[in-house]
Amino acid sequence: MAEESAARKDDDIRILAFLCNWCSYAGADLAGVSRLQYPAKVLDVRVMCTGTISPYFVIKAFQEGMDGVLIAGCHIGDCHYLKGNYMTAKRFQVLRETLKFLGLEEGRLRLEWVSAAEGEKYAEVIRSFTEEIEKLGPSPLRKKKAEVGA
Amino acid sequence: MTEGKEIKGINDNDKGKKRGARKKSSGEVGTAAAGKGGAPGVGLSGPEEKAGSGAMNEAAKAARGKTPKTAQADKGNQRGPVSGKKKNEAGKKPLKGPSSSGRPDRGAPVGAVMVVGGGVGGIQASLELANLGYKVYLIDSSPSIGGVMGMLDKTFPTNECSMCILSPKMVEVASNINIEVITLADVLSVEGEPGDMRVRLRIRPRYVDTDKCTGCGDCTAKCPVRIPDPYNAGLNVTKCIRVPFPQAVPGAAVIEGEVCRWLTKGKCGNCVKVCQAGAVDFEQKEREETYRVGMVIAAPGYKPFDASRKTEYGYGVYDNVVTSLEFERILGANGPTQGHVVRPSDGREVRKLAFVQCVGSRDVTVGNGYCSSVCCMYATKQALIAKEHLPALEPTVFFIDMRAYGKDFEKYYVNAEKKSGVRYVRGLISGIRERQRSKNLLLRYADEAGCMREEEFDLVVLSIGLEAPCGLKEGFGLEVNEHGFAAADSFLPVLSSRPGVLVCGAAQEPKDIPDTVTQATAAAGMASQTLHEARGSLLTRREHPPERDVSGEEPRVGAIICRCGSNIGGFVDVPAVVEYVRGLPGVVFAEERLYACSQDAQEWIRQVVDEHNLNRLVVASCTPRTHQPLFRETLQSAGINKYLFEMANIREHCSWVHMQEPDNATRKAQYLVKMAVEKARRLEPLAEGESEVIPRGLVIGGGVAGMSAALNLARSGFQVYLVEKEGELGGLARNIRFNRDGKDVQEYLRGLIEAVEREELISVFKGCRVVDVGGFVGQFKTLIRDGEGRETLLEHGAVIVATGGGQYHPTEYLYGRDARVLTQWELEERIAERDESLKRVGRVVMIQCVGSREEERPYCSKVCCTEAVKNALALKELSPRTEVFVLYRDIRTYGFREDLYRQAREAGVVFTRFDDEVRPEVREAGGALQVRVPDANLGGETVVINADLVALSVGITANPDNAELAPMLKVPRNAEGFFLEAHMKLRPVDFATDGVFVCGLAHAPKSIEESVAQAAAAAARAESVLSKDKIVTEGVVAVVDAERCSGCRICVELCPFEAVTYDEVRKVATVNTSLCKGCGTCTAACTAGASRLQGFRSDQIFEQIEAAASAWWD
């Protein structure tokens, strides 16, 4: 049993998705309502706006051993709070640079705009992002954490 | 009018006006209220009760003879609004006491409304009215509210679980102290005038005291009498005493008096013995009561067509022929087969499934010439859902015309056919035979070429139509149309033939849920127009128990895991999740429920919170976007701050999207709950703020929808700004000359414009555009600009978007190049002008779907079929010898519009169908117009028609201005450019953004009467904002920790709402909580960690992240 879980630990990847309450969380709801199937390797955190996602959240997620982080919010111009997603778009550039310092591939962090009506897009984003992270494999930070933990 | 100062003047006046009105109404509380607890009704039970007839009465007599409590036999009557024989003895005068003086003047209506019919329409109207400040009596003839929607498995076109979206509304009704639900009641008569109506009800006995019954089900277990379960359309059995269905409201048991052994034979009485609550009460008997209300809303719904009347289909004879309503129950996870698609005859899984459309609709042989409007879509939905349950299933729909006319219906239909493997066959079934041994069914039908064919199926679903409900004429005293539905106003169908009685939903015309909800909201608004002076006069205010102080307590988390029938339970191992959650730190209680959202579950949650001394609650079920308010309310009523609640979405984000991997779905559900628990442990109680409401509305767009909305708001006593970009009012309706009833639209429009311009509460701004919208619900600030660049700032509490639509400008079919090619509107103009040249026209060809149902505009424009048929008939009337051809793909004359279609065929109009993939061709040949069309009924053979005129039925397009307006109002649009409402089914005129509403063509293509109804609905919704003194603002706002703030002012710069200011004295940033919308942009930028978003604090989110990551390491 222990071996099994250990095996799963190695090749299983895990993704954390930050979804804004008004667009992307609703888009994910729509994917559900439409029964669109996507891989079960993503866990989501609901935030009111992507603008509230501090760089610390993303870095924390990688520190804790997440293999990929998705930020999904309203399309530019659609932000429920006017310009929260502009802030995110700006922060995202900086964050991607930061990832390099941490020794992580840029592809592990993704920003997508998914509206409340785009259930299909949400499912597609999760599918393609899961595929991309699977290609990259488990995050190097996860191994470190495991070592430290052990 | 463009001076800000003047506007202010108006505002001040208005405030005075409104306050004055309010004072007046509150002064009349005593007058309007009568009887105990301020209830306005007066009981007339007693003498009349003897007139009670039928088996019920006999049963009651039988019971009286046998039970020892005969002396108190009248006890059942004591629960009326005002009871007692004394009042009756006082004579036939129904009103006594404080109300006997009646209305002192015409300005004091009764602030209560009776809503008859507890389906989705009645529920919506009741909630809306209670919200608008009226006492509501909600009457249902069955033992529970819920109606047909409560029996449906899913709803089109989103395939959303019907009960899941209805149940929260039912719970809201049950928990609203201003709505009194009266079940098992029928309307005997309605008397009086608007503002003061009397409704006489006959209330049948339930034999169970709803106040005492807990719905535990002990009685059901011991009851020996089995009956077909009405909730499951008789497909399985239940007991004589039972709770009608798990989510029933009231959630109490009911006894079928006619079959109960105690009531019929005086034997048994098991239920009395086992009932710990002592709720069974055989003393109840039928009684009559009269209620005094201001207005009556009739929402009795419809009667399903009796399929056995179509003997050729063998319903009731062949086991495997079922009605669509029965099939809906078969699909339901809470149905007799738990959602397994199996045959009634042998319980085998269905492979070949047939849907027979138009059973009891569009069929004059059974007396139903109209179209039932919803069957095409529900059959498509059922085919899709059945296929989802059994991927190998082969569904076939036999139909005449596919009527996918509503918003997003066409896409749903196309998707079902092209992507999901639903087979559609044009052809009406002429007969069904059963194979003796296999019980399979042979369907005989004529295909389009006229060849008779026969095909074998396992199960046949008859898509039964909607018939008029009983009692419209007898009970309500309403006039009915030739089909038996309530006769209604041609431009605002909620107005019935009788003042004081409004009608909504399928009782007026067959319609789907969103249209019913729209009409119900509209009816509530119209009732409020008559009663607004009595607003709040009969309202009781809810007092929540004082909040328990949980500060300093260790977190004690209770977790409830919902199965949602099989929606979650079918894919996620719920017991495993419960087991996992029990082991999490801080969790002191975890259990599963079949439906966490049901009424009895709320009561149970309250008990659990109490018993286990919980101070945090986690519910793992569906999306917090729809259900969080319900559970928060429950928590609040248990004396716990409602922000100590967290949801885990294990349905939309888990069970529904990982249906093929149950193990992973279970694992993910566990992690999602863990994340919620970890966050919940760190939640803190939050306080809500209050903000003022500016009691004025803004309507954007001066077409029919906008003007109607403005007038409705004004007539409810609110000031309105109406902004129209053009120099004159009227919008698109200026192009329409007469409607399908032959009524003059221009005359109606002139009347509307005149009324708007005369109305002193409406300020019209013509030639102005909205350039900026700021603020929030209750306090919007909108800047408008006229053609000369002058700007005006309007301050208002709500916005109604009625920007209208446009007409597709055709470039095809020689339009614009040959003067003989017209649009329908151009033709209509000539017909209305009685153009003499039309009489000389020998042949007119109409082409449908020009600019609709195409790749670029993949939606149906809804109005063009009716428009074409209407004009074809008018042409025939003008000159009977003119030949008219209509080239179409599907004729979508839904509802009573079908009458026109039939009349047109009878008048000799020729209808020629062409396939979706091909298009007719119009060419000029030697000066003559020639139309060539591949006739689908002739196997695609091209038919050539020489035409004198060609009329193009051009589609409706979205207003391009919507693109500019959407970001200003922070509301979404769909791919076609129409505004996207908050919820397709239950919030058809709302946006997710509070205080902003939509109506008319801005929302989707629709007819004038539908626009007017939607405008009334939008006005009612806006009124629900404007009628409040204060709006409670969310507890989720940013706060600044002054200790940590370095005064860098980054947050001041960033805040999009100017809610953060810099305190020069204390040298720190401060947040104005009534301006703060809770986006948290400031918190992410705060380098000192001083700025925090309540409910989404960094430490709480860190816990979620840790939980998410750790979960994998377990």
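Report on the accompanying structure. Throughout this document, residue positions are counted from 1 along each chain, in the order its sequence is written. Ligands are numbered from 1 and chains lettered from A, in the order in which they are written. Only residues with pLDDT of 70 or above have their local features reported here, since the model is predicted, and side-chain atom pairs are shown and tallied only from 80 upward, although totals for entire chains, interfaces and linings are computed over all residues.

## Focus on the overall build of chain B
Per the convention used, a helix needs a DSSP run of H or I reaching at least four residues, while a strand needs a run of E reaching at least two, with both numbered from the N terminus. Within chain B one finds 29 helices and 52 strands. The C-alpha atoms of chain B give a radius of gyration of 31 Å, which matches the 32 Å a tight globule of 1114 residues would have. Seen through its C-alpha atoms, chain B measures out along the principal axes to roughly 95 × 85 × 75 Å. Neighbour counting defines burial: a residue surrounded by 20 or more other C-beta atoms within 10 Å of its own C-beta is buried, one with 12 or fewer is exposed, and intermediate counts give partly exposed, using backbone-placed C-beta atoms. Within chain B, the proportion of its 1114 residues that are buried is 57%. For the purpose of contact definition, each residue receives a C-beta atom placed from its backbone, and two residues are in contact when these atoms lie within 7 Å. If you take every contact in chain B between residues at least 6 apart in sequence, the share linking residues at least 24 apart comes to 74%. It is over C-alpha atoms that the radius of gyration is taken, and the globule rule equals 2.2 Å times the number of residues to the power 0.38.

## Looking at the sheet that holds strand S2 (residues 42-47) of chain A
All names here are of chain A. Within the open sheet, the 4 strands sit side by side as S2-S1-S3-S4. Their pairing is parallel. Looking along the sheet, the strands with just one partner apiece sit at the ends: S2 and strand S4 (109-113). Across this sheet, the average inter-strand angle for adjacent strands is 20°, counted without regard to direction. The sheet contacts of helix H4 (residues 84-101) involve strand S3 (68-73) and S4, and relative to S4 the element is tilted by about 165°. Only when DSSP finds a minimum of two bridges between them are two strands counted as paired. Lines are fitted to the C-alpha atoms to define the axes, a helix being fitted only along its stretch in contact, and any angle between axes, read from their N-to-C directions, falls within 0 to 180 degrees.

## Looking at the pairing of strand S35 (residues 791-796) of chain B
Residue and element names in this part refer to chain B. Along S35, the buried face is formed by Thr792, Leu794 and His796; none of Glu791, Leu793 and Glu795, which line the opposite face, is buried. As judged from the 6 bridges shared by strand S34 (residues 779-786) and S35, these two strands associate in the antiparallel manner. The partner of Phe780 across the bridge, within S35, is His796. Taken together, S34 and the strand that follows it, S35, pair antiparallel across an intervening segment of 4 residues, in which Gly789 is found at a positive phi of about 85°.

## Things to note about the interface of chain A and chain B
Tallying the contact residues gives 45 residues for chain A and 49 residues for chain B. If one sorts the elements of the side of chain A that touches chain B by residue count, helix H2 (residues 24-33) of chain A sits on top with 7 residues. Classification used: nonpolar for Ala, Val, Leu, Ile, Met, Phe, Trp, Tyr, Cys and Pro, charged for Asp, Glu, Lys and Arg, polar for all others including Gly. Classifying every residue of the side of chain A that touches chain B gives 25 nonpolar, 11 polar and 9 charged.

## Points about the nonpolar core
All names here are of chain B. To count as a nonpolar core, a set of buried Ala, Val, Leu, Ile, Met, Phe, Trp, Tyr and Cys residues must be joined through C-beta atoms within 7 Å. If you look at the biggest cluster of nonpolar residues, it comprises 344 residues, and the most contacted ones within it are Ile297, Leu502, Ala620, Val673, Val801, Val950 and Cys999. Of all the elements, helix H26 (residues 1008-1026) adds the most residues to this core, at 12 residues. Aside from chain neighbours lying at most four places away, what touches Cys999 is Ala705, Ala709, Ile800, Ala802, Val989, Ser1011, Gln1014, Ala1015, Ala1017 and Ala1018. Ranked by size, the runner-up nonpolar core spans 57 residues in total, among them Phe355, Ala386, Ile429 and Leu462.

## A short note on the sheet that holds strand S22 (residues 459-464) of chain B
Residue and element names in this part refer to chain B. Strand order in this open sheet of 5 strands is S15-S22-S16-S17-S18, and the pairing throughout is parallel. The sheet is open, and its two edges are formed by strand S15 (321-323) and strand S18 (423-426), each paired on a single side. Pairs of neighbouring strands in the sheet enclose a mean axial angle of 25°, with direction left out of account. As judged from the 4 bridges shared by strand S17 (residues 394-399) and S18, these two strands associate in the parallel manner. In the sheet register, Val397 faces S18, and the bridge partner there is Tyr424. Its contacts with the sheet put helix H10 (residues 324-331) on S15 and S22, and the angle it makes with S22 is roughly 120°.

## Considerations on the environment of Val1060 of chain B
Residues and elements named next belong to chain B. Locating Val1060 in the fold gives a position in strand S50 (residues 1060-1063). Taking the C-alpha atoms as reference points, Val1060 and Cys223, 837 residues apart in sequence, are found 65 Å from one another. Discounting chain neighbours no more than four positions away, the residues touching Val1060 are Cys1051, Val1052, Cys1055, Ala1069, Val1071 and Cys1082.

## Some details on the environment of Thr782 of chain B
Residue and element names in this part refer to chain B. Along the polypeptide, Thr782 turns up in strand S34. Of the residues examined, Thr782 has 22 C-beta atoms within 10 Å and is grouped as buried. Taking C-alpha positions, Thr782 is 8.7 Å from Leu698, a pair spaced 84 residues apart along the chain. With residues up to four places along the chain from it excluded, the contact list for Thr782 reads Leu698, Val770, Val773, Leu794 and His796.

## Looking at the packing of helix H11 (residues 375-389) of chain B against helix H12 (residues 409-418) of chain B
Residues and elements named next belong to chain B. For the pair H11 and H12, interaxial distance at closest approach is 10 Å and the crossing angle is 40°. Between H11 and H12, the interaxial angle falls into the category oblique. Considering only the axes of H11 and H12, their crossing is left-handed. Residues Met377, Thr380, Ala383 and Leu384 of H11 touch H12, and the partners they reach there are Phe409, Tyr412, Tyr413 and Ala416. Here the residues of the contact of H11 with H12 sort into 7 nonpolar, 1 polar and no charged. Working definition: roughly parallel below 35 degrees, roughly antiparallel above 145 degrees, roughly perpendicular at 65 to 115 degrees, and oblique for all remaining angles. In a left-handed crossing the near helix is turned counterclockwise from the far helix by less than a right angle, and in a right-handed crossing that turn is clockwise.

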